[in-house]
Every structure is written in structure tokens, then in C-alpha cells.
Amino acid sequence: MKSIEIIGFKRANLDRKSLDVLREEGNVPCVVYGPGIKEQIHFHSPAILFRDLIYTPEVHMVDLNIEGTTIKAILREAQFHPVSEVLLHADFLAFSSDKAIKMEIPVKPFGNSPGIIKGGKLEIKTRTLLVKGLANDLPDEIPVDISSLELGKSVKVADLNVEKFELLNSPNVTIATVGIPRALRGKKGEEEEGEV
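Residues numbered from 1 in each chain as written. Predicted model: local features only at pLDDT ≥ 70, side-chain atom pairs only at ≥ 80, totals over all residues. Heavy atoms only, no water.

S.K.: Would you explain the sheet that holds strand E10 (residues 142–145) in this entry?
M.R.: The pairing of strands in a sheet comes from backbone hydrogen bonds and takes either a parallel or an antiparallel form. Strand order across the open sheet formed by four strands is E10-E7-E9-E12, with mixed pairing between neighbours. What marks the edges here is a single partner per strand, and that holds for E10 and strand E12 (165–167). Going across the sheet, the axis of each strand differs from the next one's by a mean of 40 degrees, ignoring polarity. Pairing analysis gives four bridges linking strand E7 (residues 101–110) to E10, with the strands arranged parallel. Paired with Lys108 across the bridge in E10 is Pro143. (Pairing = 2+ DSSP bridges. Helix = DSSP H or I, 4+ residues; strand = E, 2+ residues; numbered from the N terminus. Axes fitted to C-alpha atoms, helices over the stretch in contact; angles between N-to-C directions.)

S.K.: Which parts of the structure should I look at to understand the pattern of salt bridges?
M.R.: Opposite charge on two side chains permits pairing when their charged atoms draw close. A complete count under the given rule lists six salt bridges for this structure. Where Asp20 meets Arg23, a salt bridge forms, and the shortest distance between an N and an O atom there is 3.8 Å. One end of the pair is Asp20 and the other is Arg23, both in helix H1 (residues 16–24) and three residues apart, which spans about a single turn. For Asp20, a relative accessible area of 30% gives the class partly exposed. The exposure class of Arg23 is partly exposed, given its relative accessible area of 26%. Here the salt bridges do not stand alone but share partners, grouping Arg16, Asp20 and Arg23 into one network. (Salt bridge = Lys/Arg side-chain N within 4 Å of Asp/Glu carboxyl O. Buried < 20%, exposed > 50% of the residue type's maximum accessible area, 1.4 Å probe, protein only.)

Now the structure itself:
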């Protein structure tokens, strides 16, 4: 899995006034916690460093460089301003390489579907799947084969074969389906009437 470095600086003052000053200077208050470290660390980072981490459909591990100390982590939560949508706060989960973590991983459809060739439209119902596994075993994306999908058929979580990590979504969750356009529905009904 890809990794991004975020440089941070420890902060001692946790009051509201000092947080507002940090945000005005273009920084984001952050906290890192979890089994990978002894105690939680409050720090701040320049907001520009979060662009490639948050504003992308891809998933990344994070190398937090806090005043020279590197911590392996994942972004657990990001809080945004309700009106301006400016990033207000970020929570990171530090992990250890021998313990499983849970993470949302995006799906990536591949293949040529016969249903799409006949005029159907691919509809992605679930864009990410919740997985559990060791950090080194987690993929950048989960491949979903749609090469056998006919019109009106779908791929569910139960249809996926994965190794080294576990899918936590219900097996009945639909990932992708080939929708039947209205024009093709009318033709299908006319063909059935002609056969009778």
C-alpha cells in the first residue's frame, strides 16, 4: 500500500484559543493514538500536506514525522467545518505490524461485461469495502471482475476471493450491477409479446 509522509510539530497548549491560532496560521491540529505508541501525541501539521491524503479516492498509510520521530499510522477520522469545509482536525491510529487493523479499501472493477456491450450501464453500488488484516497485507484496491455480468446481474461481496485479509462487509452487499436502460426494457417487452 502507498504511503504518505506528514510532518508534524508537538503542541503543548490544547485550549480553544491556541487551536484557533494554529488554524489561522494554516495548520491542522492532530492527535495520534493506538497500539503502535505508548501514549497519545497531540501535534499540528501544515494543512497543505493533507491534500494527497484526504482529497483522493485512494487509500494511503501515513508516516507521521513528529519532530524526528516516525510513527506508522492510518487516518482514522477527519473533521471539517460545516460551511467552509476547511479541515479542522485529524485523528490518526498508530498501528503495530503484528496486529490486524480495519480499513476502508476502494473497489476497482475490471473486465468487459457482456451486459455493457449489449447496452447496459455499469452501476457501482459500493465504492469501498471494510477489510481487516495486517498493514503489510492490505492492498491499494480490491479488484472486482465484471467480465461475466449480463444485463440486470450483479457482483456481491460473497463473489470475491481474497487472500491475506478478511472482508467485513455482509456477503449479500452488492458491489456492482449492470443496469438495464429504459430503451432496452421496452425492446425486451416487445420481444416477449412477439414470442407469445
